[in-house]
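So the chains spell out like this:
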Amino acid sequence: MQLNSPQYQAVTAPESNLLVIAGAGSGKTRVLVERMAYLMRDQGLSPHALMAVTFTNKAAREMRERLEETLGRSLHAMWVGTFHGLAHRFLRSHWRDAGLIEQFLILDSDDQQRMMKRIIADLQLDDAKFKPRAVAGFVNGCKDEGQRPHHLQTGRDYYNDTLIRLYAEYEARCNAQNLVDFGELLLRTFETLKNKSELLRHYKDRFSYLLIDEFQDTNTIQYAWIRLLAGTKTRVMAVGDDDQSIYAWRGARIENIHRYESDFAPVTTIRLEQNYRSTDVILKAANAVIANNTGRLGKELWTEQSEGTPIQLYAAFNEQDEARFVANRMSQHVDHGGLYGEQAILYRSNAQSRVLEDALLRAGIPYRIYGGQRFYERLEIKNALMYLRLIQNRFDDTAFERIINVPPRGIGERTVEQMRQTARDEGKGLWDSALQLTRGDGLSGRAKTAVVAFVDLINDLDRKATDLELSDLARDVIDATGLLAYHGSEKGERGQARVDNLNELVSACRAFEPEDEESSVLLQFLSQASLDAGETQADPDADAVQLMTLHSAKGLEFPQVFLVGAEEELFPHVMSLDSAGGLEEERRLAYVGITRAMQHLIVTYAETRRLNGRDHFGLLSRFIREIPADCIEEVRLESQISRPFVSSSFGARPVDRPHRHPRFQDYDDGFGEQTGLGIGSRVDHGLFGEGTVLAFEGSGPQMKVQVRFDDGSKKWLVLQYAKLVPLG
DNA sequence: CGTGGTTTACATTAG
DNA sequence: GTAAACCACG
């Protein structure tokens, strides 16, 4: 396919910094790849002189593959990756300049919170006032902004001062334990480049071109990084779309796009607004939704494609019904000659995947889940990894604490506390403290034996580690530590699942290909496990439907997309409702979701959904209500006419509804008015007492209503006879 | 003192 | 629904 005019302009632009405002589906990745190919092929730049940054591993992989395909050569040594991946690569090569120890490991957010919790306890602070999660968030926020504890202003109030104190203590412990968290990867890289002028010069000389994808998602420190590296000689191509900025919650600064135009002046700005992905209906819907946001750079996607089929909207009873509906439709697509792989289910939060998975399994549909409970974050895998970490780095107290008594080996809280005390008194790590305690007589006989056994276990494994294949070491670890037996004995299917996962870990070790010969394979594997979610577990070539969050769907496209859980409080998520900014970010997420679809978009929502163990009565998401009525078609299943009471979902909030859907309006004025009842209404029944309306069925005089009474019983009642009295 | 069973608090999005 | 916190027991 030929490049269109702005695409061609972007690919072949002469020496100047570029800003490409690229709408969804406008061929952005293609432009990036073609631009790189152009620079190498026509301008004679070496792959060595380019650096390309993306935000997800998936996107980085795809970019590298497409580039290799275009150029017909391997680009192994080229710097293509995520900010975090490249920072990690930098720190591995320059650990000395960065003030690190060669063996440093990466601390993920789970470990980070664990450590913070420990610190809060050690400093005898109230963990209700200083929630580990929130404090970790504070630290991450500071690092995103490039702030160390000493940059922060103290003396304002106790809370703030304590946060800073916690940050400082956290930093001290990370250093002592040779651990680097995600934010630290970026900040440390930035500081090292800034402070070591010869290093900076080296990289500035090396790179003559920087390409940054998803520029709207860069945070302060990433932006500073680019500025530093670019200097005056290096050219930069920034590609982004302000309407797809969905990472403000982790420090992304949408303003970076605006700042770029002045900081990197002169900048040539190119807009890609022609969409090659979606049908006209889908684009119309997306444009209408995003138009409700304020302060946009302004951009309207258009296409030459035909209108296409309307967006379908299905109102499900509950999440099971929703999942079944989706599974059915997916099967139908395949029955009609389509592929599983052409379809994706997108949801707001990972927790939604469970029910969907269930339905797909039942329907015999092959699927693949991205993200979510990441492979390397599963409890049993984490345990195994922690053993490997301790073998690699004896200073890793976080790993030590996690596995010291997993599986139970007779080292209880009391003994561990003794180790912590010794560690504090002597200013050393838990491992050294344990060693010291086994030599003295501070421990009881039983505890001492157990600690000695643990120390020997780790040392033995370490000794063997040097001449074992990684996978054999992993096998050894899960066997010798008793982890496999321990998790295997967990009751129910869970035990088997955990054993399977542990075996899967051994396979992952076997399949692992180290990048370089320099550092140990174990070290490389552990780093990769922290940076990569382990999404490669399933066979990527298999024809399977894909499940993922809206966030991880960015940059992807599918002929048929199911956008599920389109309910208020789920999407937009409750947590984002209290701020205008939060809501607009959710809307951009909706925009991202809608624009993933090429041919067919199917939106579903559930009238009842179990959320956090409670029944939740959802209203249709405002984002779907913002779609023009003529783009949407409601789906009704022939077999059941289940929802005469759309009023409960559509009509309850007439406010902020820019586009009122005529059909929805009908329902408002229909049955809802007559009975005054809707899903979730409280009612009183003469015999059964008070209850909550769960569902309706049928219409007219035959209409039945399902009520769950407060004694827990559920009953279907014919409305006409039941004499329900609405309450409240 | 350590272990196992039981209760209770807690829940986005991601590298 | 899960994992940490809690509590009674050996």
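Quick note: structure is the one above.
Note on aromatic pairs: each is described by the distance of the centres and the angle between the planes. In total, this model carries 21 aromatic pairs according to the counting rule given. Where F512 meets F525, the ring centres are 5.3 Å apart and the plane angle is 80 degrees; that geometry is what we call edge-to-face. With F512 in the loop between α22 (493-511) and α23 (521-531) and F525 in helix α23, the pair connects residues that are 13 residues apart, well separated along the chain. In this structure, F512 and F525 share a single accessibility class: buried. In textbook terms, an aromatic cluster arises when at least three aromatic residues are bridged by ring pairs, as seen for W79, F90, Y203 and F207. In this structure, R92 packs its charged tip against the face of F104, placed 3.9 Å from the ring centre.

What follows is about unusual backbone geometry. The linkage connecting A265 with the following residue, P266, adopts the cis geometry, with an omega of 0 degrees. With respect to the secondary-structure elements, P266 resides in the loop between α11 (255-263) and β8 (267-272). For the bond from V406 to P407, the omega torsion is -5 degrees, close enough to zero to count as cis. Tracing the backbone shows P407 in the loop between α16 (397-403) and α17 (413-426). Phi at Q124 takes a positive value of approximately 55 degrees, unusual for a residue other than glycine. For Q124, a relative accessible area of 72% gives the class exposed. Despite not being glycine, E214 has its phi angle at roughly 50 degrees, a positive value. In this fold, E214 is placed in the loop between β6 (209-212) and α10 (220-230).

Residues in close proximity to DNA strand B total 27 residues, the closest being R348, N350, R374, R414 and T415. Close to the protein, within 4 Å, the atoms of DNA strand B belong to sugar or phosphate groups at a rate of 50%. In this structure, a base oxygen belonging to DNA strand B sits 2.3 Å away from a side-chain N or O atom of R348. The separation between a phosphate oxygen of DNA strand B and a polar side-chain atom of R414 is 2.3 Å. Looking at the surface near DNA strand B, the elements that each hand over two or more residues are α17 and α24 (550-553). Its residues assigned to classes, the surface near DNA strand B comprises seven nonpolar, 15 polar and five charged.

The next thing to look at is empty space enclosed by the protein. For the coordinates displayed, the defined rule picks out two cavities of 30 Å³ or more. A volume near 50 Å³ is recorded for the second largest cavity. Taken together, M51, W79, F90, T189, L193, Y203, F207, W225 and L229 form the lining of the second largest cavity. Every element with two or more residues in the lining of the second largest cavity is listed here: α8 (182-195) and α10. Tallied by class, the residues present in the lining of the second largest cavity amount to eight nonpolar, one polar and no charged.

Reading guide: rules and limits
- Residues numbered from 1 in each chain as written.
- Chains lettered and ligands numbered in written order.
- Predicted model: local features only at pLDDT ≥ 70, side-chain atom pairs only at ≥ 80, totals over all residues.
- Heavy atoms only, no water.
- Phe/Tyr/Trp six-rings, centres within 6.5 Å; stacked < 30°, edge-to-face > 60°.
- Helix = DSSP H or I, 4+ residues; strand = E, 2+ residues; numbered from the N terminus.
- Buried < 20%, exposed > 50% of the residue type's maximum accessible area, 1.4 Å probe, protein only.
- Lys NZ or Arg CZ within 6 Å of the ring centre and 35° of its normal.
- Near = heavy atom within 4 Å.
- Polar contact = N/O pair within 3.5 Å; in protein donor to acceptor, adjacent residues only side chain to side chain.
- Nonpolar A, V, L, I, M, F, W, Y, C, P; charged D, E, K, R; others polar.
- 1 Å grid on protein atoms, 1.4 Å probe; cavity = no way out; pocket = protein on both sides within 12 Å on 5 of 7 lines; lining within 4 Å.
- Points joined across faces, edges and corners; volume = space filled by probe spheres on them.

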